[in-house]
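# Results of the structural survey
In case you want the letters, here they are:
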2 protein chains.
Amino acid sequence: MSHEILPEPTLRRLPWYLAYVSLLHSRGVEYVSSTAIARELNVDASQIAKDLSFLSIRGKTRIGYEVAELEKELKDFLGFDSRHNAVIMGVGSLGAALISDSGLARYGLNVVAGFDVNPRLIGSTINGIPVFSPEELPERREEFNAEIGIITVPVEVAQGVADDMVAAGIRALWNFTPVRIRTAEGIAIENTSIYAHLAVMYNRLDDLRGYRK
Amino acid sequence: MSHEILPEPTLRRLPWYLAYVSLLHSRGVEYVSSTAIARELNVDASQIAKDLSFLSIRGKTRIGYEVAELEKELKDFLGFDSRHNAVIMGVGSLGAALISDSGLARYGLNVVAGFDVNPRLIGSTINGIPVFSPEELPERREEFNAEIGIITVPVEVAQGVADDMVAAGIRALWNFTPVRIRTAEGIAIENTSIYAHLAVMYNRLDDLRGYRK
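Scope of this entry: the structure provided in the associated data block. (Residues numbered from 1 in each chain as written. Chains lettered and ligands numbered in written order. Predicted model: local features only at pLDDT ≥ 70, side-chain atom pairs only at ≥ 80, totals over all residues. Heavy atoms only, no water.)

### Examining the overall build of chain A
Test applied: Only DSSP runs of H or I with at least four residues qualify as helices, and only runs of E with at least two residues qualify as strands; both kinds are numbered from the N terminus onward. Each residue gets one of three labels from its accessible area relative to the maximum for its type: buried under 20%, exposed over 50%, partly exposed in between, using a 1.4 Å probe on protein chains only. Throughout, a contact is declared for two residues whenever any of their heavy atoms are within 4.5 Å.
Secondary structure summary: chain A contains 9 helices and 9 strands in total. Principal-axis analysis of the C-alpha atoms places the extent of chain A at approximately 60 × 55 × 35 Å. Per-residue burial for chain A yields a buried fraction of 55% across its 213 residues. A fraction of 57% describes how many contacts in chain A between residues 6 or more apart in sequence connect residues 24 or more apart.

### Here we look at the relation of the copies chain A and chain B
Quick note on the threshold: When the copies are superposed, the least-squares fit draws on C-alpha atoms of residues that have pLDDT of at least 70 in both.
Mapping chain A onto chain B calls for a screw motion: a turn of 180° about the axis and a shift of 0.0 Å along it, with 0.0 Å RMSD after fitting. Given the turn and translation reported, the copies of this chain are related as if by a two-fold rotation axis. Among all residues of chain A, the minimum C-alpha distance to the rotation axis is found for Ala97 of chain A, at 2.1 Å.

### Thoughts on the pairing of strand β6 (residues 129-132) of chain A
What counts is decided by this rule: Pairing between strands requires that DSSP locate at least two bridges from one strand to the other.
By the bridge criterion, 2 bridges tie strand β4 (residues 109-115) of chain A to β6 of chain A in an arrangement that is parallel. Its bridge partner lying in β6 of chain A, Gly114 of chain A is registered against Val131 of chain A.

### Looking at the interface of chain A and chain B
Rules: When two components associate, each loses some accessible surface as probed by a 1.4 Å sphere; the sum of these losses over both components is called the buried area. What makes a salt bridge here is a side-chain nitrogen of Lys or Arg within 4 Å of a carboxyl oxygen of Asp or Glu, nothing more. Polar contact is defined as a pair of N or O atoms within 3.5 Å, subject to the rule that within protein one atom must be able to donate a hydrogen and the other to accept it, and that residues adjacent in sequence are counted only when both atoms are side-chain atoms.
The interface of chain A with chain B comprises 67 residues on the first partner and 66 residues on the second. Together, the buried faces of chain A and chain B total about 6400 Å²; carbon and sulfur atoms form 63% of this surface. Contact with chain B buries area across many residues of chain A, yet Arg180, Met201 and Tyr202 of chain A alone supply 10% of it, more than any other trio. Where chain A meets chain B, there are 6 salt bridges. Here Glu40 of chain B and Arg182 of chain A are joined by a salt bridge, their closest N and O atoms 3.8 Å apart. Between chain A and chain B we count 20 residue pairs in polar contact (both at pLDDT 80 or more) in total. Sorting the residues of the side of chain A that touches chain B by element identifies α1 (8-26), α2 (34-41), α5 (93-100), α6 (103-106), α8 (155-167), β8 (172-175), β9 (188-191) and α9 (194-212) of chain A as the ones contributing at least two each.

### Observations regarding the packing of helix α1 (residues 8-26) of chain B against helix α2 (residues 34-41) of chain B
Residues and elements named next belong to chain B. For the record, the criterion: Where helices are involved, their axes are fitted lines through C-alpha atoms of the stretch in contact, as for all axes, and angles between N-to-C directions lie from 0 to 180°. An angle below 35 degrees is treated as roughly parallel, one above 145 as roughly antiparallel, one from 65 to 115 as roughly perpendicular, and anything else as oblique. Under this grouping Gly is polar, as are all residues other than the nonpolar Ala, Val, Leu, Ile, Met, Phe, Trp, Tyr, Cys and Pro and the charged Asp, Glu, Lys and Arg.
Taken N-terminus to C-terminus, the directions of α1 and α2 make an angle of 100°; their axes are 11 Å apart at the nearest point. Accordingly, the angle class assigned to the pair α1 and α2 is roughly perpendicular. Within the contact between the two elements, α1 uses Trp16, Tyr17 and Tyr20 and α2 uses Ala36, Ile37, Glu40 and Leu41. A class-by-class count of the residues in the contact of α1 with α2 yields 6 nonpolar, no polar and 1 charged.

### A word on the sheet that holds strand β3 (residues 84-89) of chain B
Residue and element names in this part refer to chain B. The strand order across the open sheet built from 7 strands is β5-β6-β4-β3-β7-β8-β9, with neighbouring strands paired in mixed fashion. Single-partner strands in this sheet number two, and they are β5 (125-126) and β9 (188-191). Two elements, β3 and strand β7 (residues 148-151), share 4 bridges in a ladder whose sense is parallel. Pairing of Met89 across the sheet is with Ile151, part of β7.

### Here we look at the packing of α1 of chain B against helix α4 (residues 67-78) of chain B
Axis angle and axis distance: for two packed helices, these are the angle between their axes and the distance between the axes, and together they describe the pair. Residue and element names in this part refer to chain B. Heads up, the rule is: If you view the pair so one helix is near and one far, a crossing is left-handed when the near helix is turned anticlockwise from the far one by less than a right angle, and right-handed when it is turned clockwise.
It is at 9 Å that the axes of α1 and α4 come closest, and there the two elements cross at 145°. Relative to α4, α1 is oriented so that their crossing is left-handed. On α4, the residues that touch Leu11, Leu14, Pro15, Tyr17, Leu18, Val21, Ser22, Leu24 and His25 of α1 are Val67, Ala68, Leu70, Glu71, Leu74, Lys75, Phe77 and Leu78. Split into classes, the residues belonging to the contact of α1 with α4 amount to 13 nonpolar, 2 polar and 2 charged.

### A word on the packing of aromatic side chains
To keep it simple, the criterion reads: When two rings of Phe, Tyr or Trp (its six-membered ring) have centres within 6.5 Å they constitute a pair, described as stacked for plane angles under 30 degrees, edge-to-face for angles over 60, and tilted for the intermediate range. By the criterion adopted, a ring carries a charge over it if an Arg CZ or a Lys NZ lies within 6 Å of its centre and within 35 degrees of its normal.
Inspection of every chain in the model, using the stated rule, returns 12 aromatic pairs over all chains. Their ring planes at 5° and their centres at 4.2 Å tell us that Tyr107 of chain A and Tyr195 of chain B sit as a pair that is stacked. Residue Tyr107 of chain A is located in the loop between α6 and β4, and its partner Tyr195 of chain B is located in helix α9 (residues 194-212); the two belong to separate chains. Over the face of the ring belonging to Trp16 of chain A we find Arg180 of chain B, whose NZ or CZ atom lies 3.5 Å from the ring centre.

### Remarks on the sheet that holds β6 of chain A
Each strand in a sheet pairs with its neighbour through backbone hydrogen bonds, running either in the same direction (parallel) or in the opposite one (antiparallel). Residues and elements named next belong to chain A. Strand order in this open sheet of 7 strands is β5-β6-β4-β3-β7-β8-β9, and the pairing throughout is mixed. Strand pairing shows two members of the sheet lacking a second neighbour, β5 (125-126) and β9, which therefore form its edges. Where strand β7 (residues 148-151) meets β8, 4 bridges bridge the pair, whose relative direction is parallel. Bridge pairing in β8 places Gly149 opposite Leu173.

### A short note on empty space enclosed by the protein
Operational definition: Only protein atoms enter the 1 Å grid used here, on which a cavity is any set of points holding a 1.4 Å probe that cannot leave and a pocket is any open set flanked by protein within 12 Å on both sides along at least five of seven lines; residues with an atom within 4 Å of a point are listed as lining. Grid points are joined across faces, edges and corners, and a volume is the space filled by probe spheres set on the points.
In this structure the tally under the stated criterion is 1 cavity of 30 Å³ or more. Reported here for the largest cavity is a volume of approximately 70 Å³. If you go around the largest cavity, the residues you meet are Leu94, Ala97, Leu98, Phe176 and Ile194 of chain A together with Leu94, Ala97, Leu98, Phe176 and Ile194 of chain B. Across the lining of the largest cavity, the residue classes break down as 10 nonpolar, no polar and no charged.

### Focus: helix α8 (residues 155-167) of chain B
Let me state the cut-off plainly: Helix span, expected: 1.5 Å multiplied by one less than the number of residues in the helix.
Taking 1.5 Å of rise per residue, the 13 residues of α8 of chain B would be expected to cover 18 Å, and the 19 Å separating its terminal C-alpha atoms lies within 8% of that figure. The complete set of buried residues in α8 of chain B reads Val155, Ala158, Val161, Ala162 and Met165 of chain B. Residues of α8 of chain B that are buried sit in contact with α1 of chain A together with β3, α7 (137-144), β7 and β8 (172-175) of chain B.

Limitation: the analysis is restricted to geometry and does not speak to function.
If you want it as structure tokens, here you go:
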């Protein structure tokens, strides 16, 4: 199995399958076919079989996949069963909210430290996680062995923070700002622009209102 | 200007332009060309001009767009200058985090009420926002005139919650669960699967490690 050839659309669908399979598991269901997953998730059954072929699990003819095994394989494949240490830059409103979200830990993300320029936050802890001055980023990143850097700072400083994180040894940036972060090759960037999602939703609402006219 | 013909990729890029233009505004820059935006955001200049043609603003030859006007137009067009009332179902870890994020209000989202089955939460307030029993959803939705429903419940109950919200008059669902929500036509659904983004990031980190070998 090679990660290199895994198509990103597959990677984005696998968590849907995991959510459904976990649900079946909690209900005591033992086997599930790709046809059944297809019906539930509105994805083509052949697509599902193809996506799942990247895992080291095989379905049985007429029975399908063993639910508990498929759940375990998906969690493992997606990295949710491993611990990934992360630091978070900017523990204002959204940053503090993310630190307080225990869901991240359930999906393998272990936030080990926060950083903020606000002197009132430096030295405090949020949800048990210490907050440091950004100046301490290089040494703390190394101390906590963090590979992931979460960016929840104001847009004006987002690019600078990204540069500092990469210089400090961060290998992957999870960017919550609407800024298009630029880095050298060899750094992973994942953008989660929740405010951009709002714009899409508002627009669709407007369209729906138009249709009703 | 018609929202109906606005391509979704355009809609997803506009918030990037807004972030950059706001930054220029805060720095006192008066004019910006699509070429300058292109250079900064690594998007084709002709694409930017095309995207901005959906707004009721025109750039001037050789000078470009007036920064303050472009910022205002973008905010208005994206709906960030309006108030959109929303209720949130599930004020556990992620839900409570979202309620506490004042950034949402800055982007036009006005969370008016939360709902949770946890008796210890019912009757409390989080960040000044009241938490009710889900039984009160229909009357409270109407009382607060909320069109948007945010879903931050466990996967097992996500579809049921979506159904309840639509039955109560919600027109747009912002789904933070990895569940593929199904609804009737005429309901907008926006999925923000932050945990799926984690999987993508972990995978890229694995790839980067592979490259270094």
